[in-house]
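# A closer look at the structure
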Amino acid sequence: MAKFCTKCGSPLEEGKPCKCESEKKEVKNVSSSNFVELLKEYLNVVKGMVKKPIDTLKEKNDESNFNLALVSIGVTSIILGFVMCFIIKSMMGGLSGLVDIPYVKVFLVGFITMAAMISVMALIAYVIVDKLLKSETSIKKMFILFGLSSIVFAEVLIIAALLAIFEINATVIYIIMAIGALLWFAYNLRGIESYSKIDVNMIGYTMAATNATTMLIMYYLIKNVIAKILM
C-alpha cells in the first residue's frame, strides 16, 4: 500500500524523503545565500561611498537595489542608536556609574528616529519630484538614494562613537556629526538629478522643501509619537 506525505499528500518512495522537504532546504539555502550576497554588496557600496560616492550612487540607480537600501537604512539606524548611548555616557562622565541610564530606550530612540527620518525624506522627495513637479521617478528609487547616501553619515557616526569612547569633548563630536550631515545633504542634492528627470534649476528648491518638511514631520513624530512609545 502506497504511503503519502503527511505534510503535502504526495506519494512517498520507499526509503526516500518527500520532495517537499528537499524543496524547503533548497529555498532556505537560497535565502541564506542571498542574504550573504546582500551583505557583501553593502560592504562594496560602503567602500564606494568612501572613494567615489557620486559614481557609486549613479551605479546603484536601479530599483533592483531596493533591498540593499533597506539594509543601509537599518545599519545607519543601528549605528545612531549606539552613538547616542556612547554620547550620553560621555556627557554623564563620572556620574554614569551612579545614575541608571536607560540605554535600551536611548538606543531605540536613535534607531527609530533615524529609520523614520530616512523613510520620511524618501517619501517627501518622491511626492515633490514625481507628483508635484511631474519629473518622473519612483518611490523605490528615492528610498535607494536616501538609504545608500546615508552610508556616509553612518561612517561619520562611527568616528563620533570612537571619539565618545575616548571621551573627546562633546562639542567636537557634534561638529563632526554636522559635517557628516552636510555631506549627506550634498550627495542627496546630486543624487536627485540622477534618480529623476527633474529640471536642474529645481534641485535646490526640491531638497530645501524635502528637508524642511521632513524636519517638521520628525519634530511632530518625536514629540507626540516616539516619546510616548518609549516612555
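Given the structure is predicted, the values throughout are model-derived calculations rather than measurements.

In terms of regular secondary structure, the chain is built from seven helices and zero strands. Ordered by position from N to C terminus, the α and β elements of the chain give α-α-α-α-α-α-α. Nonlocal contacts in the chain, meaning residues at least 24 apart in sequence, comprise 71% of its contacts between residues at least 6 apart. As presented, the chain carries roughly 13,800 Å² of accessible surface, and 66% of it is formed by carbon and sulfur atoms.

Moving on, we get to the confidence of the model for the chain. Here the chain averages 83 in pLDDT, while 81% of its residues score no lower than 70. Under a pLDDT of 50 for its full length, residues 24–31 has, in the predicted model, one contact with residues more than four places off or in other chains.

In this section: the packing of helix α5 (residues 139–165) against helix α6 (residues 170–194). If you want to describe how two helices pack, look at the angle between their axes and the distance between the axes. With their axes 9 Å apart at the nearest point, α5 and α6 run at an angle of 165 degrees to one another. The angle between α5 and α6 falls in the class roughly antiparallel. Classified by chirality, the crossing of α6 by α5 is right-handed. Taken together, the residues of the contact of α5 with α6 sort by class into 20 nonpolar, five polar and no charged.

Here the focus is the environment of G191. Secondary-structure assignment places G191 in helix α6. Look at G191 and you get buried, because its relative accessible area is 3%. In this structure, the C-alpha to C-alpha distance between G191 and N61, residues 130 residues apart in sequence, is 9.1 Å.

Attention now moves to unusual backbone geometry. Despite not being glycine, K134 shows a phi value in the positive range, around 55 degrees. Residue position: K134 is located in the loop between α4 (103–132) and α5. For K134, a relative accessible area of 67% corresponds to the exposed category. Not every positive phi belongs to a glycine, and E136 is a case in point at roughly 45 degrees.

So, on to α5. Along its 27 residues, α5 runs 38 Å from first to last C-alpha, staying within 8% of the 39 Å computed at 1.5 Å per residue. Considering bend angle alone, the principal kink of α5 is centred on V152 and spans about 30 degrees. Among the 27 residues that make up α5, 19 are buried, leaving the element largely enclosed by the rest of the structure. Two residues or fewer after α5 comes E167, characterised by a positive phi angle close to 55 degrees.

Criteria and cut-off values
- Residues numbered from 1 in each chain as written.
- Predicted model: local features only at pLDDT ≥ 70, side-chain atom pairs only at ≥ 80, totals over all residues.
- Heavy atoms only, no water.
- Helix = DSSP H or I, 4+ residues; strand = E, 2+ residues; numbered from the N terminus.
- Contact = heavy atoms within 4.5 Å.
- Areas by Shrake-Rupley, 256 points an atom, 1.4 Å probe, with all protein chains shown as cover.
- pLDDT = per-residue confidence, 0-100.
- Axes fitted to C-alpha atoms, helices over the stretch in contact; angles between N-to-C directions.
- Parallel < 35°, antiparallel > 145°, perpendicular 65-115°, else oblique.
- Left-handed = near helix turned anticlockwise from the far one by under 90°.
- Nonpolar A, V, L, I, M, F, W, Y, C, P; charged D, E, K, R; others polar.
- Buried < 20%, exposed > 50% of the residue type's maximum accessible area, 1.4 Å probe, protein only.
- Expected span 1.5 Å × (residues − 1).
- Bend = angle between axes of the 7 residues up to and from the residue.

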